[in-house]
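Observations on the three-dimensional arrangement
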Amino acid sequence: GAVVSQHPSRVICKSGTSVKIECRSLDFQATTMFWYRQFPKQSLMLMATSNEGSKATYEQGVEKDKFLINHASLTLSTLTVTSAHPEDSSFYICSATVRGAYIGNEKLFFGSGTQLSVL
Amino acid sequence: AQSVTQLGSHVSVSEGALVLLRCNYSSSVPPYLFWYVQYPNQGLQLLLKYTSAATLVKGINGFEAEFKKSETSFHLTKPSAHMSDAAEYFCAVSELGSSNTGKLIFGQGTTLQVKP
C-alpha cells in the first residue's frame, strides 16, 4: 500500500532554534497534505492544510509565521518550527491525500509522526 | 460545525472479553466516519471507515463499527480482545464543505488497556 514517510521521528533542540520536519509520499503524488499536532494524552488537532504549489491554509489560532509550511513538490511537504520554545514540544503528524480522491476512500495516509522536544 | 465525542478516555478489558469503544458525532448532514488506531510514538493506522454504504462496517484486526443515524453513533467493537489491541483509538469525522479531502476532525481518543 501507499506509504507516507515522515522524518525525523524524534528531534531534540534548544530553545530559539528552528526545526524542519519532512513529510514524503513515497509511491503516490500527494497534492494535499495535512499537518496535525498532538499533545500528550490528547487528540490530534489540525494545524494547516498544504496544497502543492500554493500557500498553506492555517487553522484558527495557529501562527503561520511560527509554523512555516512548504509544499514545493507533489511528494514533499515540510513543516518548519521557527524559534522553537518548550511549549512547542509536541507530536507532529502529517497526512497525505490525492487530488480527486473522495472522502472515505483509501488514498489518505498518515506519517509515523515526529516527537519534538524543545529544551 | 461537526464534532466528535468519544465517551471514556480509558477503557480496560480482560483478554478475550468484548471491546466496546464509544463514539458520537454531531453533523447536520450524513458524515463520513473513521476509526484509527495509534500505537506509542507512531502515526495513525486506519481501522475502518463508513462512507454511506453499509451501516455495519468491518475493518482490520477483527474490529467492526455500526453507524446508527438515530443515535448519531459509530461505536467500535471487537468480540474478543487481544493483548496486541492495547493502543489509543481515535474516532474521526470528515469535515463537510471542505475542498480538501482528508481534512478530519478527531475525537479526544480512548486508551484501550487489555489485561491478561
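See the structure shown above.
Residues numbered from 1 in each chain as written. Chains lettered and ligands numbered in written order. Predicted model: local features only at pLDDT ≥ 70, side-chain atom pairs only at ≥ 80, totals over all residues. Heavy atoms only, no water.

1. Describing the state of the cysteines
Note: disulfide means a covalent bond formed between the sulfur atoms of two cysteine side chains. Residue and element names in this part refer to chain A. Counted only if it meets this: Cysteine sulfur atoms are paired as a disulfide whenever they fall within 2.5 Å. The numbering of helices and of strands both runs from the N terminus, where a helix is a DSSP run of H or I of at least 4 residues and a strand a run of E of at least 2.
All told, the structure shown has two disulfides over all chains when counted by the stated rule. A sulfur-sulfur separation of 2.0 Å characterises the disulfide bridge that pairs C23 with C94. Negative torsions about the S-S bond denote left-handed disulfides, and the value of about 80 degrees found for C23 with C94 makes this one right-handed. Taken together, the residues span a long stretch of sequence, with C23 in strand β3 (residues 19-25) and C94 in strand β9 (residues 90-97) at a distance of 71 residues.

2. Overview of the nonpolar core
All names here are of chain B. The condition that has to hold: In this text, buried Ala, Val, Leu, Ile, Met, Phe, Trp, Tyr and Cys residues form a nonpolar core when linked through side-chain atoms within 4.5 Å. Only protein chains enter the area calculation, which uses a 1.4 Å probe; residues under 20% of their type maximum are buried, those over 50% are exposed, and those in between are partly exposed. Contact criterion: two residues are considered in contact whenever any of their non-hydrogen atoms come within 4.5 Å of each other.
Residues W35, L48, F74, L76 and Y89 are the most contacted members of the largest nonpolar core, which totals 26 residues. Those elements giving two or more residues to this core turn out to be β2 (10-14), β3 (19-21), β5 (33-38), β6 (44-50), β8 (64-68), β9 (73-78), β10 (87-94) and β12 (110-115). Ranked by residues supplied to this core, first place goes to β10 with four residues. Those residues in contact with L48 that sit more than four places away from it in its chain are L33, F34, W35, V57, K58, G59, F63, E64, A65, F74 and L76.

3. With respect to the packing of aromatic side chains
Note the threshold: Two rings from Phe, Tyr or Trp (for Trp, the six-membered ring) form a pair when their centres sit within 6.5 Å of each other. Planes less than 30 degrees apart are called stacked, planes more than 60 degrees apart edge-to-face, and all others tilted.
For the coordinates displayed, the defined rule picks out 13 aromatic pairs over all chains. Plain terms: the ring middles of Y36(A) and F106(B) are 5.4 Å apart, the flat faces sit at 90 degrees to each other, and that makes the pair edge-to-face. Of the two residues, Y36(A) sits in strand β4 (residues 32-38) while F106(B) sits in strand β11 (residues 104-106), which places them in two different chains. Residue class for F106(B) comes out buried when judged on its relative accessible area of 8%. Pairing F110(A) with Y36(B) gives two aromatic rings, centres 5.1 Å apart and planes at 75 degrees, and the pair type is edge-to-face. Linking F110(A) in strand β10 (residues 108-110) with Y36(B) in strand β5, this pair reaches from one chain into another. Residue F110(A) shares its accessibility class with Y36(B), and that shared class is buried.

4. Some thoughts on the interface of chain B and chain A
Test applied: Throughout, the accessible surface (probe 1.4 Å) given up by two parts as they are put together, summed over both, is called the buried area. For salt bridges, the criterion is a side-chain nitrogen of Lys or Arg within 4 Å of an Asp or Glu carboxyl oxygen. Under the rule applied, a polar contact is a pair of N or O atoms within 3.5 Å (in protein, one hydrogen donor and one hydrogen acceptor; residues adjacent in sequence only if both atoms are side-chain atoms). Note on residue classes: Ala, Val, Leu, Ile, Met, Phe, Trp, Tyr, Cys and Pro are nonpolar, Asp, Glu, Lys and Arg are charged, and everything else, Gly too, is polar.
Of the residues lining the interface, 20 residues belong to chain B; the matching set on chain A comes to 27 residues. Carbon and sulfur atoms supply 56% of the area buried between chain B and chain A, which totals about 1,900 Å² over both sides. At the junction of chain B with chain A, the criterion picks out zero salt bridges. Across the contact surface, chain B and chain A share three residue pairs in polar contact (both at pLDDT 80 or more). Here the element with the most residues in the side of chain B that touches chain A is β5(B); it accounts for three residues. Here the residues of the side of chain B that touches chain A sort into seven nonpolar, eleven polar and two charged.

5. Side note on the layout of surface pockets
The line we're drawing: Throughout, the protein atoms alone are placed on a 1 Å grid, and a set of points is a cavity if a 1.4 Å probe fits but cannot get out or a pocket if it is open with protein on both sides within 12 Å along at least five of seven lines; lining residues have an atom within 4 Å of a point. Grid points are joined across faces, edges and corners, and a volume is the space filled by probe spheres set on the points.
Here the largest pocket defines a volume of roughly 480 Å³. Lining the largest pocket are 19 residues, and of these Q38(A), P40(A), K41(A), Q38(B) and E88(B) sit closest to its centre. Breaking the lining of the largest pocket down by element, the ones donating at least two residues are β9 of chain A together with β10 of chain B. Of the residues belonging to the lining of the largest pocket, the class tally is six nonpolar, eleven polar and two charged. For the second largest pocket, the calculated volume is near 290 Å³. Looking at the second largest pocket, it is lined by 13 residues, and the ones nearest its centre are L44(A), M45(A), L46(A), E59(A) and I105(B). When residues of the lining of the second largest pocket are traced back to their parent elements, those giving at least two are β5 (44-51) of chain A together with β11 of chain B. The class makeup of the residues in the lining of the second largest pocket is seven nonpolar, three polar and three charged.

6. A closer look at the environment of I69(A)
All names here are of chain A. If you trace the backbone, I69 turns up in strand β7 (residues 67-73). For I69, a relative accessible area of 15% corresponds to the buried category. Put simply, I69 and T82 are 13 residues apart on the chain and 11 Å apart in space, counted from C-alpha to C-alpha. Apart from the residues lying within four places of it in its own chain, the contact partners of I69 are W35, A48, S50, A56, Y58, S77, T78 and L79.

Purely geometric numbers; function is a separate question.
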